Amino acid sequence: MATIELRQVEKRFGNHQAVKPLDLTINDGEFVVLLGPSGCGKTTTLRMISGLETVTGGSIYLGGRNVTWLHPSERDIAFVFQLFALYPHLTVRQNITFPLQAQGESQETIERRLAEVVRLLRIEHILDSRPGKLSGGDRQRVALARALVRRPAAFLMDEPLGALDAEFRESMRAEIKQLHIDQNATTVYVTHDQVEAMAMGDRIVVMSNAEIQQVGTPAEVYHDPANLFVAQFIGSPGMNLVKGHYIGGQVIMPGDNNRYNVPTDWVPALNRATGGDGDVIVGFRPEAAVAASDGELLGQVYATDMHGAYTVLHVNMNHDDIVHVRSNRRTTYPIGTPVRFNLNPQMVRFFDPVTGQAIRREVVQ
Amino acid sequence: MATFQETGPRTPVTTSIRVDKVRPGARLTRTIRAIVVVALALGGLIPVFAMGITAFKSRNAVVSVPPSLIPVPDGDRLRLEAAEARRQTGETSLAQHFFQPTLEGFVFLLTERAQAGPARAAQLAELRAEGELPLFDRVALNAGQEILGPSQYVGRLKNSIIIAGISTVASVVLGLFAAYAFSRFDIPGKDDLLFFILSTRMLPPVVVTIPLFLMYRTLGLHDTHFGMILLYTVFNLSFSVWLLKGFIDEIPREYEEAALVDGYSRLQAFFRIVLPQALTGIAATTVFCLIFAWNEYAFALMLTSEVARTAPPSIPTMLGRGGIEWAAIAAGTLGFLIPVVIVTFALRNYLLRGVTFGAIRQ
């Protein structure tokens, strides 16, 4: 197992900057998820780590070894592809032992390792079938077996669940996570699905526009997004973001007389950021906004989504400022009626409307 | 909302209510289509059938009117005599179409013969009586001839096999590597190069025979095996590069990339992963290249004379010598078809998928 270190790694395709210079250190045994919308450079980053894509600049270290210009076969990594890339002309057994043959392992070792992974992934019964005959989940397991059998320094996975049915995806997600816990292998996992990222990652690297937006644990990126992009991208629906004007410990929000009293621990930070009088963006998760008859803020019900355990209200604070507010499932709110809600003071965040960056309570050194 | 929760969902529909959607007319249309296809195929096979039976006719049977169409086995004297009798009287019946198959055509095609003198003929007849005369000599003796040795045609058939075989292998192997490179790597001026390769086929090959003839004479390639192999390889290469590129484009890159991270070099990945999956395309390309090189007539006629002449320009020359040997020509043509038929048949499983030009995978 090994650490992976990217130093100022970048990729250009002609004039197109696919990945802007980025630094990232992935610790030994860590499960890191690269998350972002399609075209954000996450897959390119993964392919550069694997060596399938050359870097335009910067260097890559694998377990302290500079592998920047090594051939993929010399890097000691395993890659799980989105469409599995099982060799269609070989049986499952031949597919799994294929990488071991490259390493010139003895027949005895090959048999032993094969037996191990086959037992681990419970695929004994399909060893002699060809990949074309297998279900999506079995193909996924064979692809994982082919990666595991090598005992590589690191696993790279490119949306390995993207080709599976929704119901299957969830159980395979747990299976992969379980495997990771068993093997404690350094894993880099690419996905565009934020639910998957939250569920699986020890740390999440949120990418957009060819650069890293935030690196943090799932709780960090969820509760303390570094900027407006992360705030909107993580969570479904994303964070509510409302433009307002900060003055004297209050934020004037859209709508009739919507004055929000800023929690006291935020006042110094907002005074510092706005100079005591300036525009801010208030961000809060739907679950931080709870409908209550004595609520501080007021809006009109625009639509309601029943989620079973709770109901999400779309509340129109002013013309186009619609926020998501959670209410309990028993109370019904007819469309068009006024509704009052409170914000949980611990879950409110503020952003600078010009830079899009989060305003921090603590002074950043 | 409330009522829904109380009653629960209605019973789900578990049985299909789909009916058989084949129109009654569709079955008839399909039958008619099948009949038309079979009729066309049979029509197309008439010349092949004519050639096939002509190859086994004697000189007389070839030119008999009405034409003899039905071979009856050797020794079926009664039928043949009946046929002859009917022919004399001019009576129409099936029997007048009988003929006795013979290997005369093949013997005339493959051997040099001379009229056997009376003494020699008697000697051969004696050998035949003892059962020690080989098949071909017996056939020749029936026509009053003795075999001196193999004809020129045997050597030319050999030339055809060598030239077509080597040039096909060369153009498919070279084409495969070129196609792989064009398909997978960023080659400067790739599109221009591909267009240039294609442009070599943009005029009828015959147009360049005269310049080629002059070049070959100067370079000493005229009437050499190497010259013909080179020529056919180059002509087929453009075709095989384009055809194989289409097939290789269809193989997802992920397979090779998986092999690369699994610890294989690019060349190993090519041989172990790409090659097995490109077999369909390789088979189709092989057959097309072989057919071209095997059947090529104009260049062979112009650029070869004695040493490297192939079979196609040799067959018509038999029209000249001492009357038209229709049976020999038919035998030559029939024998000439067989290698291509065998190769096509051997590769038929790949071809069935291959002729769709890689449109269908797995």
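Check the entry above for the structure.
### A word on the overall build of chain B
- Per the secondary structure count, chain B includes 18 helices and four strands.
- Counting every position in chain B, which comprises 362 residues, the buried fraction comes to 36%.
- In chain B, the share of contacts with a sequence separation of at least 24, taken over all contacts with a separation of at least 6, comes to 78%.
- Total accessible area computed for chain B in this model is approximately 21,100 Å², and 67% of it derives from carbon and sulfur atoms.

### A look at the overall build of chain A
- Assigned secondary structure in chain A consists of nine helices and 20 strands.
- Counting only C-alpha atoms, chain A reaches 80 × 45 × 35 Å along its principal axes.
- Considering chain A as a whole, with its 365 residues, one finds that 53% of them fall into the buried category.
- Contacts spanning at least 24 positions in sequence make up 66% of the contacts within chain A whose residues lie at least 6 apart.
- A total accessible area of about 16,300 Å² is found for chain A, and carbon and sulfur atoms account for 47% of it.
- In chain A, which carries 35 positive and 40 negative side-chain charges, the distance between the mean positions of the two groups comes to 4 Å.

### Quick look at the environment of B:S238
- Of note, B:S238 is situated in helix α11 (residues 225-250).
- Distance from B:S238 to B:V208, taken between C-alpha atoms, is 16 Å for residues 30 residues apart in sequence.

### Concerning the packing of aromatic side chains
Residue and element names in this part refer to chain B.
- This model, assessed by the stated rule, comprises 17 aromatic pairs over all chains.
- Each ring, one from F177 and one from F271, has its centre 6.3 Å from the other, and the planes form 75°; the classification is edge-to-face. Taken together, the residues span a long stretch of sequence, with F177 in helix α8 (residues 152-184) and F271 in helix α13 (residues 266-277) at a distance of 94 residues.
- Judged by relative accessible area, F177 falls into the partly exposed class, the value being 38%.

### Describing the environment of A:V195
- Along the chain, the position of A:V195 falls in helix α6 (residues 194-200).
- Each C-alpha atom of the pair A:V195 and A:H324 lies 19 Å from the other, and the pair is 129 residues apart in sequence.

### Remarks on the sheet that holds strand β12 (residues 250-252) of chain A
All names here are of chain A.
- What the five strands build is an open sheet, ordered β13-β12-β11-β14-β20; its pairing is antiparallel. If you trace the sheet from one side to the other, it starts and ends with β13 (259-261) and β20 (348-351), each paired once. Taking the axes of each pair of neighbouring strands and ignoring which way they run, one obtains an average angle of 40° across the sheet.
- Across three bridges, β12 lies against β13 in antiparallel orientation. Bridge pairing in β13 links Q250 to N261.
- Packed on one face of the sheet, helix α9 (residues 267-274) meets β11 (240-247), β14 (277-284) and β20 and runs near 130° to β14.

### Focus on the sheet that holds strand β4 (residues 57-62) of chain A
All names here are of chain A.
- Overall, antiparallel pairing links the four strands, which are arranged β2-β1-β4-β5 in an open sheet. The two strands at the open ends of the sheet, each matched to only one other strand, are β2 (16-26) and β5 (65-66).
- Two strands pair when backbone bridges link them, and β4 and β5 are joined in this way by two bridges, in the antiparallel orientation. Residue pairing in the sheet places L62 in a bridge with R65 of β5.
- The strands touched by helix α1 (residues 42-50) within the sheet are β1 (4-13), β2 and β4, with β1 carrying the most contacts at an inclination of about 115°.

### So, empty space enclosed by the protein
All names here are of chain A.
- Enumeration according to the criterion identifies one cavity of 30 Å³ or more in this entry.
- If you go around the largest cavity, the residues you meet are L144, A147, L148, F155, M157, I176, L179, H180, Q183, A185 and T187.
- For the lining of the largest cavity, the elements supplying multiple residues, two or more each, are α4 (136-148), β7 (154-158) and α5 (166-183).
- Residue contributions to the lining of the largest cavity peak at four residues, all from α5.
- Residue composition of the lining of the largest cavity, grouped by class: eight nonpolar, three polar and no charged.

### Some words on the interface of chain A and chain B
- Taken together, the contact pairs 20 residues of chain A with 17 residues of chain B.
- Interface of chain A and chain B: buried area, both sides summed, is about 1,700 Å²; carbon and sulfur atoms make up 66% of it.
- The largest contributions to the chain A side of the interface with chain B come from A:Y87, A:H89 and A:F98, which together make up 28% of the buried area.
- Linking chain A with chain B are three salt bridges, by the criterion used here.
- In this structure, B:D262 and A:R150 form a salt bridge, with 3.8 Å as the shortest nitrogen-oxygen distance.
- Those elements that place two or more of their residues in the side of chain A that touches chain B are α1, β6 (77-80) and α2 (92-102) of chain A.
- In terms of residue class, the side of chain A that touches chain B is made up of 12 nonpolar, five polar and three charged.

### Focus: the side chain of B:S160
Residue and element names in this part refer to chain B.
- Mapped onto the fold, S160 is located in helix α8.
- Here the side chain of S160 touches A311 through a polar contact of 3.0 Å, landing on its backbone nitrogen.
- What S160 contacts, discounting residues up to four positions off in sequence, is G165, W294, T310, A311, P312 and F336.

### So, the nonpolar core
- In this structure, A:I4, A:L6 and A:Y87 are the most contacted members of the largest nonpolar core, which totals 51 residues.
- Per-element tally for this core: the top contributor is helix α12 (residues 253-261) of chain B, with five residues.
- In this structure A:I4 touches A:L24, A:T25, A:I26, A:I49, A:Y61, A:L62, A:A154, A:T186 and A:V188, once residues within four positions along its chain are discounted.

### Some words on unusual backbone geometry
- A cis amide bond links A:S236 to the next residue, A:P237, at an omega of -5°.
- When you line up the elements, A:P237 lands in the loop between α8 (228-233) and β11.

### Notes on the pairing of β14(A)
Residues and elements named next belong to chain A.
- In terms of burial, β14 is a largely internal element, six of the eight residues being buried.
- Looking at chain direction, β11 and β14 are connected through eight bridges and run antiparallel. Counterpart to L241 in the pairing with β14 is G283.
- In this structure, β14 lies alongside β20, joined through four bridges in antiparallel fashion. Paired with F284 across the strands is V348, a residue of β20.

What counts as what
Residues numbered from 1 in each chain as written. Chains lettered and ligands numbered in written order. Predicted model: local features only at pLDDT ≥ 70, side-chain atom pairs only at ≥ 80, totals over all residues. Heavy atoms only, no water. Helix = DSSP H or I, 4+ residues; strand = E, 2+ residues; numbered from the N terminus. Buried < 20%, exposed > 50% of the residue type's maximum accessible area, 1.4 Å probe, protein only. Contact = heavy atoms within 4.5 Å. Areas by Shrake-Rupley, 256 points an atom, 1.4 Å probe, with all protein chains shown as cover. Lys, Arg positive; Asp, Glu negative; His and termini not counted. Charge placed at Lys NZ, Arg CZ, Asp CG, Glu CD. Phe/Tyr/Trp six-rings, centres within 6.5 Å; stacked < 30°, edge-to-face > 60°. Pairing = 2+ DSSP bridges. Axes fitted to C-alpha atoms, helices over the stretch in contact; angles between N-to-C directions. 1 Å grid on protein atoms, 1.4 Å probe; cavity = no way out; pocket = protein on both sides within 12 Å on 5 of 7 lines; lining within 4 Å. Points joined across faces, edges and corners; volume = space filled by probe spheres on them. Nonpolar A, V, L, I, M, F, W, Y, C, P; charged D, E, K, R; others polar. Buried area = accessible area lost by both parts, 1.4 Å probe. Salt bridge = Lys/Arg side-chain N within 4 Å of Asp/Glu carboxyl O. Polar contact = N/O pair within 3.5 Å; in protein donor to acceptor, adjacent residues only side chain to side chain. Core = buried A, V, L, I, M, F, W, Y, C linked by side-chain atoms within 4.5 Å.

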